[in-house]
Amino acid sequence: MNSTIYNPNRTFNFSPQPPLILSKPFTSCKTPRDLKQLHAIFIKTGQIQDPLTAAEVIKFCAFSSRDIDYARAVFRQMPEPNCFCWNTILRVLAETNDEHLQSEALMLFSAMLCDGRVKPNRFTFPSVLKACARASRLREGKQIHGLIVKFGFHEDEFVISNLVRMYVMCAVMEDAYSLFCKNVVDFDGSCQMELDKRKQDEAINLFQEMQSSNIDPNYVTLVSVLPAIARIGALELGKWIHLYAGKNKIEIDDVLGSALVDMYSKCGSIDEALQVFETLPKRNAITWSAIIGAFAMHGRAEDAIIHFHLMGKAGVTPNDVAYIGILSACSHAGLVEEGRSFFSHMVKVVGLQPRIEHYGCMVDLLGRAGHLEEAEELIRNMPIEPDDVIWKALLGACKMHKNLKMGERVAETLMELAPHDSGSYVALSNLYASLGNWEAVARVRLKMKGMDIRKDPGCSWIEIHGIIHEFLVEDDSHSKAKEIQAMLGEMSMKLRSNGYRPNTLEVFLNTDEQERARALQYHSEKIAVAFGLISTAPQHPLKIVKNLRICEDCHASLKLISLIYKRQIIVRDRKRFHQFEHGSCSCMDYW
DNA sequence: AGGTTATAAT
């Protein structure tokens, strides 16, 4: 064995005096083993008593060796941790992706308050708020808000940024959460519910409160809030933030600019996204990735490619995310050759190691273009273990090209890999349905029932005058339910008189044809469109966000509706945008 | 002594 000072069998002859304040003891510390040996030295020399050293050990455990248990143990054995140490362990727990550990951070914080020997300081609260934000604990977050005021940190810039972030993150999560809590039984009913401006109001109120009490959200606040806004697609709120930045002379640099580009694009306003992008004083790889991803999501492959080349001309080397963007753009447009060439360029010229996401794009690209065997080959030969996402992309392609044999094989793999994920069952069922094999559809459904797996409920949002309305299944609490019902009836009639015939292949129920046709009429995106049509002026474009992929029947219907009602309808589904106008869709029916 | 932020395939 190499006899470094970390060899535990070696005897040490440290001088008894100034216990080795190595200036950078952690620089030579590379593995968990190194760390434990270094820790042992600190214990031996007594240097572990130094709170700074202990905190360093804790941080190193958590962030370099990802050993939270060890970090916690180091903290626990401290007889009297000072505030610095508390802050360190709180931050470590808060920054995990594990909800239990985030909750533990909150409990530990409460223990810190009860203990009473140390008081939280301004460095404590950002971590605690981060834990609330990530674990979506609004109630605790509000209590902590109170404490912040009580302890007098409500004017600290860092604290405020994290407070705002906490409110918005909790609100968004709550929104997502409510979808899963709804007890959705079947898909043959409709529902509407007025939604919940709570979360938005919460964020806006907080902003307004801040302004009136001279506590202004700063640059970081805006940067933190925008991704949450992008996720729910709340365009009005996003615009408000943009305006706020302008009015308050907050500089829109590459970082805030990237967040704005992404927000506008995810809220359906690609033109605004481009406008922001073009006026930025500086663009880095992330900014370019954002605009390339934006074009990809909107199905504008050509623009994505143009900007990819512009990035190179501007002297910015594309990063891995830029390649994910360009590959997904190729995939949405069916540009197989271009996609292949970007992939090999990434590996051979730029020297980036392809990640599972890149393989995912390639499988999607090849599969949807009909090269099913090549796609499967790629999965079998790639150096990374394929995950459920990859197999799902291939299964989707099997459905698209009605390849039952490969589809069944892939589905089997998927069900082993992720047995409780409804996605693979639904995809397999759709494959059988597209072949008209209703018996097999029923079999899959029965199996799901037996395993207590339910299809994720479809859900759509539409923002009208700054308020988000959400529509899902089995819920009729919307105040305009009657009018919406009437509008749906009218739409259905006009659709039929314009030659529309329901495409019932993707309806998941094994019921009779009439029942399936009725179910289609009440898909959440159609309800959202109906509500949009009766709630806005003619010509007003309708922007809708959907949690799942749009089905073929809705796609065909919305094309016609855009023609009949002369409306632009923009739908963001789980994967991309569809812009319906004059009877056709921007995806050119390839998605 | 220490705390915040943007991009990501299905």
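Residues numbered from 1 in each chain as written. Chains lettered and ligands numbered in written order. Predicted model: local features only at pLDDT ≥ 70, side-chain atom pairs only at ≥ 80, totals over all residues.

Enquirer: For this particular structure, what's the right way to read helix H4 (residues 83-94)?
Expert: Residue pairs three or four apart in sequence face the same way in an α-helix, which turns once every 3.6 residues. Under the 1.5 Å per step criterion, the end-to-end length of H4 is 16 Å for 12 residues, consistent within 8% with the ideal 16 Å. Among the 12 residues in H4, nine count as buried, and that is most of the element. Turning to H4, its buried residues number three or more, namely Trp86, Asn87, Thr88, Ile89, Leu90, Arg91, Val92, Leu93 and Ala94. For H4, the secondary structure elements touched by its buried residues are helix H2 (51-63), helix H3 (68-76), helix H5 (99-115) and helix H6 (124-135). (Helix = DSSP H or I, 4+ residues; strand = E, 2+ residues; numbered from the N terminus. Expected span 1.5 Å × (residues − 1). Buried ≥ 20, exposed ≤ 12 C-beta atoms within 10 Å, placed from the backbone. Contact = placed C-beta atoms within 7 Å.)

Enquirer: What is the right way to read the environment of Lys36 from this model?
Expert: Looking at where Lys36 falls in the secondary structure, it is placed in helix H1 (residues 32-45). In this structure, the C-alpha to C-alpha distance between Lys36 and Cys61, residues 25 residues apart in sequence, is 9.1 Å.

Enquirer: Is there a simple way to think about the environment of Leu129 in this case?
Expert: By secondary structure assignment, the location of Leu129 is in helix H6. With 27 C-beta atoms counted inside 10 Å, the residue Leu129 sits in the buried group. Measuring from C-alpha to C-alpha, the distance between Leu129 and Pro354 comes to 35 Å, with 225 residues separating the pair along the chain. Other than its neighbours up to four places away in sequence, Leu129 contacts Gly141, Ile144, Asn162, Leu163 and Met166.

Enquirer: Mind showing me how you'd approach the protein's contact with DNA strand B here?
Expert: The local shell around DNA strand B holds 45 residues, among which Phe84, Phe158, Ser161, Ser289 and Gly360 are the closest. Per-class residue counts for the surface near DNA strand B are 22 nonpolar, 14 polar and nine charged. (Near = placed C-beta within 6 Å. Nonpolar A, V, L, I, M, F, W, Y, C, P; charged D, E, K, R; others polar.)

Enquirer: Help me understand the UniProt feature "repeat: PPR" (unreviewed entry) in chain A, please; the structure alone is not making it clear to me.
Expert: Within this numbering scheme, the UniProt entry marks residues 284-318 as carrying the feature "repeat: PPR" (unreviewed entry). From the first C-alpha to the last, residues 284-318 spans 9 Å; its make-up is 74% helix and 0% strand. (UniProt positions renumbered as here; feature names shortened; annotations may be inferred.)

Enquirer: So what exactly am I meant to see when it comes to unusual backbone geometry here?
Expert: Across residues other than glycine, the phi torsion is negative in most instances, and most of the peptide bonds are trans. Despite not being glycine, Lys402 shows a phi value in the positive range, around 50 degrees. Look at Lys402 and you get exposed, because 10 C-beta atoms sit within 10 Å. A positive phi angle, close to 55 degrees, is found at Asp452, a residue other than glycine. Within the secondary structure layout, Asp452 lies in the loop between helix H23 (438-450) and strand S2 (460-464).

Enquirer: What am I meant to see in the nonpolar core here?
Expert: Soluble, globular proteins show a tendency: their nonpolar side chains are buried together. Counting residues in each nonpolar core, the largest one holds 157 residues, and the members touching the most others are Ile58, Val128, Ile326 and Leu394. Built from parts of two domains, this core gets at least three residues from each of domain 1 (357-455) and domain 2 (460-585). Leaving out residues up to four positions away in the same chain, Ile58 has contacts with Ala71, Val74, Phe75, Thr88, Ile89 and Val92. (Core = buried A, V, L, I, M, F, W, Y, C linked by C-beta atoms within 7 Å. Domains from an automatic or database assignment.)

Enquirer: How should the sheet that holds S2 be read in this particular structure?
Expert: In sheet architecture, strand pairing relies on hydrogen bonds along the backbone and comes in two forms, parallel and antiparallel. Strands sit in the order S3-S2-S5-S6-S7-S8 across an open sheet of six strands; the sheet is mixed. Each edge of the open sheet is held by one strand with a lone partner, namely strand S3 (467-471) and strand S8 (584-585). Bridging between strand S6 (residues 569-572) and strand S7 (residues 577-581) involves four bridges; their strand directions are antiparallel. Paired with Ile570 across the strands is Gln579, a residue of S7. (Pairing = 2+ DSSP bridges.)

Enquirer: How do you make sense of the packing of helix H14 (residues 285-297) against helix H15 (residues 301-313) when you look at a structure like this?
Expert: The axes of two packed helices give the description: the angle between them and the distance between them. Between H14 and H15, the shortest axis-to-axis distance is 8 Å and the interhelical angle comes to 165 degrees. Classified by the angle their axes make, H14 and H15 are roughly antiparallel. Handedness of the H14/H15 crossing: left-handed. On the side of H14, the interface is formed by Trp288, Ile291, Ile292, Phe295 and Ala296, while H15 contributes Asp303, Ala304, His307, Phe308 and Met311. Tallied by class, the residues present in the contact of H14 with H15 amount to eight nonpolar, one polar and one charged. (Axes fitted to C-alpha atoms, helices over the stretch in contact; angles between N-to-C directions. Parallel < 35°, antiparallel > 145°, perpendicular 65-115°, else oblique. Left-handed = near helix turned anticlockwise from the far one by under 90°.)

Enquirer: Can you walk me through the pairing of strand S5 (residues 542-546) in this structure?
Expert: On a regular strand, one side chain projects to one face of the sheet and the next to the other, so that they alternate. By the criterion of burial, S5 is predominantly enclosed, with five of the five residues buried. Residues Leu542, Ile544 and Lys546 point to one face of S5 and Lys543 and Val545 to the other, with burial holding for every one of them. In the sheet, S2 pairs with S5 via three bridges, with the strands oriented antiparallel. When the bridges of S5 are listed, Ile462 appears paired with Ile544. For the segment spanning S5, helix H27 (residues 552-564) and S6, crossover handedness is right-handed. (Right-handed = clockwise from strand over helix to strand, strands pointing away.)

Enquirer: Even after reading the chapter, I still don't get the pairing of S2, so can you show me in this structure?
Expert: S2 sits mainly inside the fold: four of its five residues count as buried. By the bridge criterion, five bridges tie S2 to S3 in an arrangement that is antiparallel. By the bridge assignment for S3, Trp461 is matched with Glu470. Linking two consecutive strands that pair antiparallel, namely S2 and S3, is a turn of two residues; a positive phi of about 50 degrees is found at His465 within it.

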